[in-house]
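The residues making up each chain are set out below.
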Amino acid sequence: HPHSHGENTHHHPHSHGENTHHHPHSHGEPDQSCHDDKDFKTNFSGRTVTCDYARYSQYNKLICKNTAKYDGKYNVPIAQICPEACHYDCHPIPSPVSSPISPPVSE
């Protein structure tokens, strides 16, 4: 098979296992990257913040811009831990433009 490097996946984009071809190397568990981590808790301005808290908070965008200690790592973006609450795209498409910060909107 000269062209075997994963080639077989794009022949059937409409297969009935459609959700499988996004993450061919998941280790059997559901795609965690797409769901809020229900066990996540961090302290934010003296409150205990969970993904659900972030989702319904008036400070949603503020919380989602922040980072937290997660999984033993520091500075993990809360948007990645709570992608549902933060409306974060869990299958990001790498974009050629490297500008994570959008220009300020003039009031």
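Everything below is about the structure shown above.
Described in the following lines is the structure provided in the data block. (Residues numbered from 1 in each chain as written. Predicted model: local features only at pLDDT ≥ 70, side-chain atom pairs only at ≥ 80, totals over all residues. Heavy atoms only, no water.)

Across its full length, the chain holds three helices and four strands. Beginning at the N terminus, the succession of helices and strands in the chain can be written as β-β-α-α-β-β-α. Here the chain, with 107 residues, has 23% of them falling under the buried criterion. In the chain, once contacts between residues fewer than 6 apart in sequence are set aside, the share between residues at least 24 apart is 44%. Taken as a whole, the chain presents about 8,900 Å² of accessible surface, with 55% of it coming from carbon and sulfur. (Helix = DSSP H or I, 4+ residues; strand = E, 2+ residues; numbered from the N terminus. Buried < 20%, exposed > 50% of the residue type's maximum accessible area, 1.4 Å probe, protein only. Contact = heavy atoms within 4.5 Å. Areas by Shrake-Rupley, 256 points an atom, 1.4 Å probe, with all protein chains shown as cover.)

Moving on: the environment of Thr50. Here Thr50 is to be found in the loop between β2 (47–49) and α1 (51–56). When the C-alpha atoms of Thr50 and Asp37 are compared, they prove to be 8.6 Å apart, with 13 residues separating the residues in sequence. Thr50 has contacts with Phe40 and Lys41, leaving out every residue within four places of it along the chain.

Let us look at the pairing of strand β4 (residues 73–77). Bridge analysis of strand β3 (residues 67–70) against β4 gives three bridges, and the strand direction is antiparallel. Paired with Ala68 across the strands is Val76, a residue of β4. Hairpin connection between β3 and β4: a loop of two residues separates the two successive antiparallel strands, and Asp71 in this loop has a positive phi of roughly 60°. (Pairing = 2+ DSSP bridges.)

All chains considered together, the criterion is met by two disulfides. Two residues share a disulfide in this structure: Cys64 and Cys86, whose sulfurs sit 2.0 Å from each other. Residues Cys64 and Cys86 share a disulfide whose torsion about the S-S bond is about -85°; that sign makes it left-handed. Placement of the pair is Cys64 in helix α2 (residues 60–65) and Cys86 in the segment after α3 (78–81), with a sequence separation of 22 residues. (Disulfide = S-S within 2.5 Å.)

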